[in-house]
Amino acid sequence: MRIKGNSPKFLSAELLIEPIGVMQPTQVSDGEGGYLVTYANVGTIWGMYVPLGQDRTLIAAEVSYTDSARVYIRYPLTIDNTYQLQINGLNYEIHSIKDLENKHEYYEVTIYR
């Protein structure tokens, strides 16, 4: 599959070599009538991690971050922007999830921390 940007020109399963932890949000009681959001690891998938510099889209959205990247993963995964991805022991927030070329084959996930 052909992709754009500062990634390889083509995306295939052989390029998905980075183990990525999928962290699902869970609400737990704080003991005072409220709740806290914690994240539980629900599995590990394989993906391609591509670091980014300052991105105009993230700047325009006024997202404050120290590190941003794109992650390419296989399609049959149910996640949304409340999840976190763990890469090399660091947790990243999900900014956006895009189905590449609407082929239901790969996701392009923009992440930051």
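Scope of this entry: the structure provided in the associated data block. Just so it is clear, the model here is predicted, and its values are computed rather than measured. (Residues numbered from 1 in each chain as written. Predicted model: local features only at pLDDT ≥ 70, side-chain atom pairs only at ≥ 80, totals over all residues. Heavy atoms only, no water.)

Let's talk about the overall build of the chain
The number of helices and strands found in the chain is one helix and six strands. Traced from its N-terminal end to its C-terminal end, the chain shows the element sequence β-β-α-β-β-β-β. Look at the contacts in the chain between residues 6 or more apart in sequence, and 54% of them connect residues 24 or more apart. In the structure as shown, the chain presents an accessible area of about 7,000 Å², 49% of it carried by carbon and sulfur atoms. (Helix = DSSP H or I, 4+ residues; strand = E, 2+ residues; numbered from the N terminus. Contact = heavy atoms within 4.5 Å. Areas by Shrake-Rupley, 256 points an atom, 1.4 Å probe, with all protein chains shown as cover.)

Some details on the packing of aromatic side chains
Within the structure shown, the criterion is met by two aromatic pairs. With a centroid separation of 5.1 Å and an interplanar angle of 40 degrees, the aromatic rings of Y75 and Y107 are classed as tilted. Residue Y75 is found in the loop between β3 (68-74) and β4 (84-87), and its partner Y107 is found in strand β6 (residues 106-112); the two are separated by 32 residues along the sequence. The exposure class of Y107 is buried, given its relative accessible area of 12%. The residue whose ring lies beneath R74 is Y106, and the NZ or CZ to ring-centre distance is 5.0 Å. (Phe/Tyr/Trp six-rings, centres within 6.5 Å; stacked < 30°, edge-to-face > 60°. Buried < 20%, exposed > 50% of the residue type's maximum accessible area, 1.4 Å probe, protein only. Lys NZ or Arg CZ within 6 Å of the ring centre and 35° of its normal.)

Describing the environment of G89
Relative to the helices and strands, G89 resides in the loop between β4 and β5 (90-99). G89 sits in the exposed class, given a relative accessible area of 60%. Considered as a pair, G89 and G21 are 68 residues apart in the sequence and their alpha carbons are 8.9 Å apart.

As for the sheet that holds β3
Around the barrel, which closes on itself, the six strands sit in the order β1-β2-β3-β6-β5-β4 with antiparallel pairing between neighbours. With strand direction ignored, the average angle separating the axes of adjacent strands in the sheet is 45 degrees. (Pairing = 2+ DSSP bridges. Axes fitted to C-alpha atoms, helices over the stretch in contact; angles between N-to-C directions.)

Describing the environment of S29
Summarising the element assignment, S29 is placed in strand β1 (residues 18-29). Relative accessible area serves as the criterion here: at 58%, S29 is assigned to the exposed category. For S29, the contacting residues outside a window of four places in its chain are G34 and Y35.

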